[in-house]
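Descriptive analysis of the structure
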Amino acid sequence: MADSDIQVRMQVAKQATHIAGEELKRRFLAGERDAVAAEQASREAITVFLSQIYPNELLWGRGMDAAPSKSSFWVFDSLNGAENFSIGDPFFCSSVAWVQDGGPMLGVVSNPMHNQQFTAVHKGGATLNRQQVTVRSTNKLDQAHVLASFGKKEIIPKLAAEVKQLKVRESATLDMCSIAGGVHDAFVYFNLQPWEWIAAKLIVEEAGGTITDLEGQPLTIRSEAALISNKELHTDLLKLVA
């Protein structure tokens, strides 16, 4: 695919997440806490916008049918962090990615309440609000700031005993982006859905990080858990979470 086409698609993806984010922001600031209705409205905003520009291309994401049979498609998550939205916590986002021949070529994640937009293009680096981002260089577990989701309960105390800080924030996509942005060092996530990680995976990798399942293998759309890290800590963390 020509670079010019990728750049056009990037602008489309940015606009799609912006439109979705503005819908979420409007509802959130109005005090609406129905996350299901917000997700549906945000999903409609994304799908209508993308379908108008690329009417013949496949769209897939939260609340839609089974995984696409084609190797090239748009994938989106209209509201990641729905639980946060529902309780008035402004830590949520929308994401869009273009997948070509089975791999993400570009990804965008927008956090509307904090005016943050993470982007990445395959082999083109990652940015936050147009500024280049890279992962942290932490190489010791006892200096690591780690995020986790609830899943295997036995893993939480194991991690807490080894790392400097352990937190749960409940927006997988934004948590992944915080690795890319150099805020945290790693993230262990359970109950994984592909629309939550495809855009963020590219952002993490382009920022110098890595993402695998808990056995150290590449993620697939059937993966149920993931470890995202700055690379330096990945091997040691796999020993704790496998």
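Residues numbered from 1 in each chain as written. Predicted model: local features only at pLDDT ≥ 70, side-chain atom pairs only at ≥ 80, totals over all residues. Heavy atoms only, no water.

Some details on the packing of helix α4 (residues 155-162) against helix α7 (residues 234-241)
- Taken N-terminus to C-terminus, the directions of α4 and α7 make an angle of 140°; their axes are 9 Å apart at the nearest point. One way to sum up the angle between α4 and α7 is to call them oblique. Two secondary-structure elements touch here, α4 through Ile155, Lys158, Leu159 and Glu162 and α7 through Leu237, Leu240 and Val241.
- Split by residue class, the contact of α4 with α7 holds five nonpolar, no polar and two charged. (Axes fitted to C-alpha atoms, helices over the stretch in contact; angles between N-to-C directions. Helix = DSSP H or I, 4+ residues; strand = E, 2+ residues; numbered from the N terminus. Parallel < 35°, antiparallel > 145°, perpendicular 65-115°, else oblique. Contact = heavy atoms within 4.5 Å. Nonpolar A, V, L, I, M, F, W, Y, C, P; charged D, E, K, R; others polar.)

Things to note about helix α6 (residues 194-206)
- Between the first and last C-alpha of α6 there are 18 Å, a value that for 13 residues agrees with the 18 Å anticipated at 1.5 Å per step.
- Taken as a whole, α6 carries its principal kink of about 30° at Ala200.
- Most of α6 sits out of view: 12 of its 13 residues are buried.
- Restricting attention to buried positions, one finds in α6 the residues Pro194, Trp195, Glu196, Trp197, Ile198, Ala199, Ala200, Lys201, Leu202, Ile203, Val204 and Glu206.
- Positive backbone phi, approximately 100°, marks Gly208, located one or two places after α6. (Expected span 1.5 Å × (residues − 1). Bend = angle between axes of the 7 residues up to and from the residue. Buried < 20%, exposed > 50% of the residue type's maximum accessible area, 1.4 Å probe, protein only.)

Considerations on the side chain of Thr119
- Mapped onto the fold, Thr119 is located in strand β5 (residues 116-121).
- Engagement of the side chain of Thr119 in a polar contact is seen with the side chain of Thr127, the distance being 2.5 Å.
- Excluding residues that lie within four positions of it along the chain, Thr119 makes contacts with Met10, Lys14, Gly107, Val108, Gly125, Ala126, Thr127 and Ile203. (Polar contact = N/O pair within 3.5 Å; in protein donor to acceptor, adjacent residues only side chain to side chain.)

Observations concerning the sheet that holds strand β3 (residues 93-100)
- Across the sheet, which stays open at both edges, the seven strands sit in the order β1-β2-β3-β4-β5-β6-β7 with mixed pairing between neighbours. At either end of the open sheet lies a strand with only one pairing partner, and these are β1 (59-61) and β7 (131-132).
- In this sheet, β7 lies alongside strand β6 (residues 126-128) in antiparallel orientation, the contact comprising two bridges. Residue pairing for β7: Leu128 is matched across the bridge by Gln131.
- Contacting β2 (73-80), β3, β4 (103-111) and β5, helix α1 (residues 3-29) crosses the sheet at an angle of about 30° to β4. (Pairing = 2+ DSSP bridges.)

What to know about the nonpolar core
- Ranked by size, the top nonpolar core spans 36 residues in total, and within it Val75, Val109, Met176, Phe187, Ile203 and Ile228 carry the most contacts.
- Put simply, the parts of the chain that give this core at least two residues each are β2, β3, β5, α5 (172-180), β10 (186-190), α6 and β12 (225-229).
- A total of eight residues in this core trace back to one element, the largest contributor, which is α6.
- Here Phe187 is in contact with Leu147, Ala148, Ser149, Ala172, Asp175, Met176, Ile179, Ala226, Leu227 and Ile228, once residues within four sequence places are set aside.
- The next biggest cluster of nonpolar side chains, apart from the first, holds 19 residues, and it includes Met10, Ala20, Phe49 and Trp74. (Core = buried A, V, L, I, M, F, W, Y, C linked by side-chain atoms within 4.5 Å.)

Comments concerning the packing of aromatic side chains
- Going through the model one piece at a time under the given rule, you end up with eight aromatic pairs.
- With 5.2 Å between their ring centres and 70° between their planes, Phe85 and Phe92 make a pair best called edge-to-face. By the burial criterion, Phe85 is buried, and Phe92 matches it.
- Taken together through their ring pairs, the aromatic side chains of Phe28, Phe85 and Phe92 make up a single cluster.
- The aromatic ring of Tyr54 is capped on one face by Arg9, whose charged end is 4.4 Å from the ring centroid.
- Its end group placed over the ring of Trp98, Arg9 keeps NZ or CZ at 4.0 Å from the ring centre. (Phe/Tyr/Trp six-rings, centres within 6.5 Å; stacked < 30°, edge-to-face > 60°. Lys NZ or Arg CZ within 6 Å of the ring centre and 35° of its normal.)

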